[in-house]
Amino acid sequence: MATRCYLFRQEHFPPKAAFPAVDGHNHLWDNWNVEELLKVMEAVGIICYCDLTANVNISWREGGYSIGRRRIEDFFENCVAQYPDKFYCFTAATFAAPTDKPLFEDSQKFVDETLELLNRHVKMGARGLKILKELGLHYKDASGKLIRTDDDRLAPIWEEAGKLGIPVLMHQSDPSGFFEPMTPENEHYESLKKYPSWSFADPKFPRKAELLKRRDNLIRRHPKTTFILAHVANFAENLPYVSRLLDENPNVYIDFSARMDELGRQPYTARKLFIRHQDRILFGTDMPASVEMYRCHFRFLETFDENFIPPDYDGTFGRYRWKISGIGLPKEVLKKIYHQNALEIIPGLKEDLKNSI
Ligand SMILES: [Zn+2]
């Protein structure tokens, strides 16, 4: 968009988060150059950073990626041992798997292996289980049938997470536009053109409503397990639905990573959601770390600035769908979102951060 904006605006750029902040949704992949990351964290007041995919290997291919497994030990050696209390991780356990092969031949064996690996990773220090969006969308069983997220064969895994006292962070579904035809009318047209593998318009994929329904069945069936539903439960286009989901399910939390754009285009409704559910929302960005990226999040949460450009999914500011406004949250709400809620549900975090908060 090349037009210039002549609006006189209030502009505030909080240099640091109003309270020490935990980035509860991010990914290091195998980038162990954490010195640079730590400098950014220090500059903006991020005291702790979560690598959600510590045992996942992603190899990027044209227009997409393929998933595999890697040593979770690398995370502990390169991050936790070097910089205690600055990092924690989740594991995807056996779900760190390619989509072009069946996820399992024998479901019982798969569940046993998952429980074993999950327990091993938790013993090593992993703080939660991460479920990638591929479950429900891509993974098939040996008969070639799509495995639904609420498939009963997987139920022991969610129960085990509850017993271990670790949260399950799930990414299910995606922005609504990703399920609509890739035409210039699609509000995500530019992103989809750049990353065609993000499109699930093809009817071979389940529809968005179906994916959310299955996920919601799952969280209702396992009330003793804590679920963090990433990206505003992946329905930031429908905040009344998200609010209801939180009202009805006390075991559910959300993060708002990569959805500041959606929230900031409906700032009145978003502000209401954040205030009503102030105990259930976690800070997270899911974007490559940069000072500008983090400061824009603080501007959104802390100020009433209007009509400013949010970072895109890749953390850059060049491409944007619309401008956003801040939601000026009260101090006590900010404190919960920046760190208090994370301390409540991430095991060990209270102890780790007791000297930095
Ligand atoms: Zn993510």
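Residues numbered from 1 in each chain as written. Predicted model: local features only at pLDDT ≥ 70, side-chain atom pairs only at ≥ 80, totals over all residues. Heavy atoms only, no water.

## Concerning the overall build of the protein
Within the protein, the regular secondary structure consists of 14 helices and ten strands. Expected size for 357 residues packed as a compact globule is a radius of gyration near 21 Å; at 20 Å, the protein falls within 12% of this value. The principal-axis extent of the C-alpha atoms belonging to the protein is close to 65 × 50 × 40 Å. Of all 357 residues assigned to the protein, the portion counted as buried reaches 57%. Intrachain contacts of the protein at a sequence separation of at least 6 include 74% that bridge at least 24 residues. When the accessible surface of the protein is split by element, carbon and sulfur atoms take 51% of a total near 15,900 Å². Distance between charge centroids for the protein: 3 Å, based on 49 positive and 51 negative side chains. (Helix = DSSP H or I, 4+ residues; strand = E, 2+ residues; numbered from the N terminus. Rg over C-alpha atoms; globule rule 2.2 N^0.38 Å. Buried < 20%, exposed > 50% of the residue type's maximum accessible area, 1.4 Å probe, protein only. Contact = heavy atoms within 4.5 Å. Areas by Shrake-Rupley, 256 points an atom, 1.4 Å probe, with all protein chains shown as cover. Lys, Arg positive; Asp, Glu negative; His and termini not counted. Charge placed at Lys NZ, Arg CZ, Asp CG, Glu CD.)

## Focus: the packing of helix α1 (residues 34-44) against helix α12 (residues 291-302)
Interaxial distance between α1 and α12 falls to 9 Å at its minimum, and their mutual angle equals 30 degrees. By the angle class used here, α1 and α12 are roughly parallel. Between α1 and α12 lies a crossing of right-handed hand. In this structure, α1 uses Val40, Ala43 and Val44 to contact α12, whose residues at the interface are Val291, Tyr294, Arg295 and Phe298. Grouping the constituent residues of the contact of α1 with α12 by class yields six nonpolar, no polar and one charged. (Axes fitted to C-alpha atoms, helices over the stretch in contact; angles between N-to-C directions. Parallel < 35°, antiparallel > 145°, perpendicular 65-115°, else oblique. Left-handed = near helix turned anticlockwise from the far one by under 90°. Nonpolar A, V, L, I, M, F, W, Y, C, P; charged D, E, K, R; others polar.)

## Here's the deal with the environment of Arg127
Of note, Arg127 is situated in the loop between α3 (107-124) and β6 (129-131). Given the relative accessible area of 15%, Arg127 is considered buried. Along the primary structure Arg127 and Ile345 are separated by 218 residues, whereas in three dimensions their C-alpha atoms are 9.6 Å apart. With residues up to four places along the chain from it excluded, the contact list for Arg127 reads Tyr88, Cys89, Phe90, Ile166, Pro167, Ile346, Pro347, Gly348, Leu349 and Asp352.

## Points about the coordination of the zinc ion
His25 (NE2), His27 (NE2), Asp286 (OD) and Asp286 (OD) make up the full set of protein donors to the zinc ion, lying at 2.1 to 2.8 Å. With four donor atoms in place around the zinc ion and angles of 47 to 123 degrees between them, the coordination shape is irregular. Counting residues between consecutive donors of the zinc ion along the chain gives the motif H-x1-H-x258-D. Here His27, found in the loop between β1 (21-26) and α1, pairs with Asp286, found in the loop between β10 (281-282) and α12; they are 259 residues apart in sequence, far enough to count as distant. What makes His27 buried here is its relative accessible area of 15%. (Donors = N, O, S within 2.8 Å, 3.2 Å for Na, K, Ca; no water. Tetrahedral: all angles 85-135°; square planar, octahedral: opposite > 155°, others 65-115°.)

## Some words on the nonpolar core
Trp158, Phe256, Phe274, Phe283 and Leu301 are the most contacted members of the largest nonpolar core, which has 89 residues in total. When residues in this core are grouped by element, the largest group, seven residues, is from α12. Discounting chain neighbours no more than four positions away, the residues touching Trp158 are Phe95, Leu129, Ile131, Leu135, Thr149, Val168, Met170, Leu218, His222, Thr225 and Phe227. Membership of the second largest hydrophobic core comes to 18 residues, among which are Leu52, Ile228, Ala342 and Leu343. (Core = buried A, V, L, I, M, F, W, Y, C linked by side-chain atoms within 4.5 Å.)

## Some words on the state of the cysteines
By definition, a disulfide links the sulfur atoms of two cysteines through a covalent bond. Applying the stated rule across the entire model yields zero disulfides. The structure places no disulfide on Cys5, whose sulfur is separated from the nearest cysteine sulfur, that of Cys296, by 15 Å. For Cys79, which is in no disulfide, the shortest distance to another cysteine sulfur is to Cys89 and amounts to 8.8 Å. (Disulfide = S-S within 2.5 Å.)

## Focus on empty space enclosed by the protein
A complete count under the given rule lists three cavities of 30 Å³ or more for this structure. Considering the residues around the largest cavity, the lining is formed by Gly24, Cys50, Tyr88, Phe90, Leu169, Ile228, Asp255, Leu282, Phe283, Ala342 and Ile346. Here the lining of the largest cavity is composed, by residue class, of nine nonpolar, one polar and one charged. (1 Å grid on protein atoms, 1.4 Å probe; cavity = no way out; pocket = protein on both sides within 12 Å on 5 of 7 lines; lining within 4 Å. Points joined across faces, edges and corners; volume = space filled by probe spheres on them.)

## Structural notes on the sheet that holds β6
The strand order across the open sheet formed by five strands is β6-β7-β8-β9-β10, and the pairing between neighbours is parallel. Each edge of the sheet is formed by a strand with only one pairing partner; in this case those strands are β6 and β10. When strand β7 (residues 168-170) meets strand β8 (residues 227-229), the two strands line up parallel, connected through three bridges. Bridge assignment links Met170 to a residue of β8, and that residue is Leu229. Here helix α7 (residues 208-221) sits on the sheet in contact with β7, β8 and β9 (252-255), set at roughly 155 degrees to β8. (Pairing = 2+ DSSP bridges.)

## Re the sheet that holds strand β2 (residues 46-51)
Strand pairing in a sheet relies on backbone hydrogen bonds, with the paired strands running either antiparallel or parallel. Taken in spatial order, the three strands make up an open sheet running β1-β2-β5, and their pairing is parallel. Where the open sheet ends on each side, the last strands, each with one partner, are β1 and β5 (87-89). Ignoring strand direction, the axes of neighbouring strands in this sheet form an average angle of 20 degrees. As paired strands, β2 and β5 are joined by three bridges and run parallel to one another. Bridge assignment links Asp51 to a residue of β5, and that residue is Cys89.

On their own, these measurements won't tell you what the molecule is for.
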